[in-house]
Amino acid sequence: MSTATGYNFAYLDEQSKRMIRRAILKAVAIPGYQVPFGGREMPLPHGWGTGGMQVTASVIGEADRLKVIDQGADDTTNAVSIRRFFATTAGVETTESTAAASLIQTRHRIPETPLQADQILIYQVPIPEPLRFIEPRETETRKMHALSEYGAMQVKLYEDVARFGHIATSYDYPVMVNNRYMMDPSPIPKFDNPKMNRMPALQLFGAGFEKRIYAVPPYTEVKSLDFDDYPFEVQRWDENCAICGSDHSFLDEVIIDDAGSKMFVCSDTDYCRSRQTNATESATATEETLS
Amino acid sequence: MYVAVKGGEKAIDNAHALMRKTRRGDESITELTVEQIREQLPLAVDRVMNEGSVYDPELAALALKQASGDAVEAIFLLRAYRTTLPRIGYSEPLDTEAMQIERRISGTFKDLPGGQVLGSTYDYTHRLLDFTLLAEGEAPISALDPETSDEETLDACPRVLELLNKEGLIEQSREADEADHTPADLTREPVNYPAERAVRLQNLVRGDEGFLLSLSYASMRGYGDSHPFAGELRSGRVNVELVPEELGFAIEIGDLFLTECEMVNQFHGNKNQPPQFTRGYGLAFGRSERKAMSVALVERSLRAEELGEEVLYPNQDQEFVLSHSDCVSANGFVSHLKLPHYVDFQSELEMIRRLRREIAAATDEENNK
C-alpha cells in the first residue's frame, strides 16, 4: 500500500476524521437533517467535491474499493482527479465497476445499476439547502426546517405549474426524507430521484464550503415533492443509447458534427459498457449454441 | 466522436505539463527565485499571507511563484498547506500597543504623543511610471537611503483611541467587568449566525481584499452609514508570546510585522448612554493598510444590529458579508462552472424542448379553430 509521504492516511488527520464521523452519525440518526461540521480546507477548490472528499476520507479504510464518477462517468476529468487523490493518499484499490465498489463518490448522478446494502454512496453537494433560492438567509431556513414550514417550496412548484403547465425543476429536485425533513438531493437529474427511495445502500451527502453533512440511511423513504393532480414524473427520451441500445437509462446528448447532428448515449459509462459486454457474450453464446 | 467530451488522465497530465512550461516563460530569461519574490514583491507576499492565514513570507513567496503570480491561486495553495498543520498551542493575545512602530499616522489629530511617522508608503507618490526601473533597474541602495535609518523606530506609544477613551468619548472595546473568553476558531468549527464579533473579525482578516475594499467604499458612499475618521494606522513588529504547559509562564517565540487600523465612527447614543464615538477595528499581517482599513470599515458596518442601527444594505448584513468574503471559496465555486454539467443541462434541454413543443401545439390548435 502506498500513501503520499508527509500526509495521514486519506489526507485528513485522525482528529478531523473523528469530528466528521460524529457528524455523519448524527446525520444518519436524523435522516435529511443538515448537520453543521467543521469543514476543513482541502487541496481541491470549493465546489469541486471537497465535501464529498471529506466524507470519503473519513469513512474509507484500507480494504475499501473506491469508485468515483462525475456526470455518471468514471473518466471525466474531475472524477479522474479525485480517484487519483485517494489512490495516492490512501493507496486503496479503485474500480470503475459499480457492483465491485464498496464506496462510490458521485457528482450529479446515481449509478443505473441498483446499489446493495454493503455499499455507501457519497454525494458531492454544492448547496445543501433546498430552500436557499427561496430564502437566502441561514437563520431563516433553519427555522423553516425546525417548524417543517415548507409551504414556500410548494408555492414555488405551484407557480411552475401555473406558468408552464409542469413543475419546471429538472434537476436538484427537492425531496422529503422520512416524512420529516425537506432535502436537496444534490444536482442529480430528477430521473435519479426515485432511486433514492428505500435504497439498500447508505447515502451520505457532503457540502464542503457550506460545512454541512446529511444522510439517508438504508431503506428510508424518500419522496419527491409533487401534487395529487400533477404527480412527480421523470425525464424520458424518444431515442435509445446509440452504443448499448438501452431504452431506460439517462442519456447524454452528444453533438457529432458542425450541422448539429446528435447522438444519445448512456451517461453512466460503466452501465453502458457492462451492457455491451453482456450483449457480446450472449451473442457469442447464441452462436456457439447454433453451431 | 463520443470520447471527445470525456477527459482522461493523460489530458490532465499534459495540461499540467503545459502549465509548468507557461509558468517558466522564455527560458533565455533568468528564472525568478522565491527569495527575490519574498524580498522584492513584499506587498504581494503580505496579501497571500493574510488571506492564506499563515504568517510565513517564504512559503507565501513560493506559493506566488508556483501560482504564476496569481494571488488567489497562491492563497489557495497556502490554505491547503495550512489545513494540514498541527495546532501546537495558542499564543497569548498580541499587545499591539507595545508595537515597535515603523509607520504611524492619525487622521484625527495633527500631533499626538509619540508623533506621526510616515514610514514606507506609496501615499503622496505621483503615480508616474518610472522608466529608469525599466531601463537600468533600481538606483544603488546608497542613493536610496532615507535620511532616517531603520534604527530610529519609534518607541512603543499609546493608541490614539485610548486618548479619547480617557475622556470617555469613545466606547470601551470591552466592558470593565467583561471576563476573558476564548474566541471560537472558524477554521475548526462552522460559523453559526449570528456570529460573535471575534468570529466576524477572523472572517474579515482572511477575506478577499477587493471584496472588502468595495464593500467599504459602498458604505462610505451611502450604502451603509460608515464615513469614519482614521483614528490611527500603525505598522511595525509585535512580539508573540506563548505559555508552554511545562513552564506555566509566557515566553517570546518570535515577532510578526502587523498593520493595525482603528476607525472612529460617528456618534451613537441611546436613552441610557450619552453620545459617544464608536470603533471599527482592523488588523492584518505585513504592510497591508488597504486591507486593515477595509476590515475596520466593514467590521463597523457589521455592528449595525448590535448598535441598534437599521440594517438596510448588504455591507451591514452578516450572512451576506461573511458567507461571501472568502476568495478561496468564491473562486472555487465560480470556477466549478468549468466542470461538466451536461447531465443537468440535458435535463434542462429536455424540459425546455417539451415546454416549447406544448406551446407550439397549443398555438397550432388555436390557429386551426
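Shown above is the structure to which this text applies.
Residues numbered from 1 in each chain as written. Chains lettered and ligands numbered in written order. Predicted model: local features only at pLDDT ≥ 70, side-chain atom pairs only at ≥ 80, totals over all residues. Heavy atoms only, no water.

Participant: Requested: an account of the interface of chain A and chain B, with residues and values cited.
Facilitator: Interface extent is often summarised as the accessible area lost during association of the parts. In this assembly, 67 residues from chain A lie in contact with 47 residues from chain B. For the pair chain A and chain B, the summed buried surface comes to about 4600 Å²; carbon and sulfur atoms form 56% of the total. Contact with chain B buries surface across chain A, with E41, W48 and R84 of chain A losing the most and accounting together for 14% of the total. Linking chain A with chain B are 7 salt bridges, by the criterion used here. Measuring nitrogen to oxygen at the nearest pair gives 2.5 Å for the salt bridge that ties E41 of chain A to R79 of chain B. Taken together, the links from chain A to chain B amount to 25 residue pairs in polar contact (both at pLDDT 80 or more). Of all the secondary structure elements, the ones that give two or more residues to the side of chain A that touches chain B are α3 (77-89), α4 (138-146), β11 (251-255) and β12 (262-266) of chain A. Tallied by class, the residues present in the side of chain A that touches chain B amount to 31 nonpolar, 18 polar and 18 charged. (Contact = heavy atoms within 4.5 Å. Buried area = accessible area lost by both parts, 1.4 Å probe. Salt bridge = Lys/Arg side-chain N within 4 Å of Asp/Glu carboxyl O. Polar contact = N/O pair within 3.5 Å; in protein donor to acceptor, adjacent residues only side chain to side chain. Helix = DSSP H or I, 4+ residues; strand = E, 2+ residues; numbered from the N terminus. Nonpolar A, V, L, I, M, F, W, Y, C, P; charged D, E, K, R; others polar.)

Participant: Describe the sheet that holds strand β4 (residues 276-285) of chain B, and please don't skip the residues or the numbers.
Facilitator: All names here are of chain B. The sheet built from 4 strands is open, its strands ordered β1-β2-β3-β4 with antiparallel pairing. Sheet topology places β1 (100-105) and β4 at the edges, where each strand pairs with a single neighbour. Taken over all neighbouring pairs, the strand axes of this sheet differ in orientation by 20 degrees on average, direction set aside. Both β1 and strand β2 (residues 229-242) contribute to a ladder of 5 bridges, which runs antiparallel. (Pairing = 2+ DSSP bridges. Axes fitted to C-alpha atoms, helices over the stretch in contact; angles between N-to-C directions.)

Participant: Just give me the short version of empty space enclosed by the protein, but keep the residues and values in it.
Facilitator: Inspection of every chain in the model, using the stated rule, returns 2 cavities of 30 Å³ or more. Approximately 110 Å³ is the volume found for the largest cavity. Lining of the largest cavity is provided by 15 residues; of these, G47, G49, Q124, V125 and P126 of chain A occupy positions nearest its centre. If one sorts the elements of the lining of the largest cavity by residue count, helix α2 (residues 50-59) of chain A sits on top with 3 residues. Taken together, the residues that form the lining of the largest cavity break down as 4 nonpolar, 10 polar and 1 charged. There is about 30 Å³ of room inside the second largest cavity. Lining the second largest cavity we find D225, S226, N265, R300, S301, E309 and Q316 of chain B. Residues belonging to the lining of the second largest cavity are distributed by class as follows: no nonpolar, 4 polar and 3 charged. (1 Å grid on protein atoms, 1.4 Å probe; cavity = no way out; pocket = protein on both sides within 12 Å on 5 of 7 lines; lining within 4 Å. Points joined across faces, edges and corners; volume = space filled by probe spheres on them.)

Taken by themselves, the reported measurements are silent on function.
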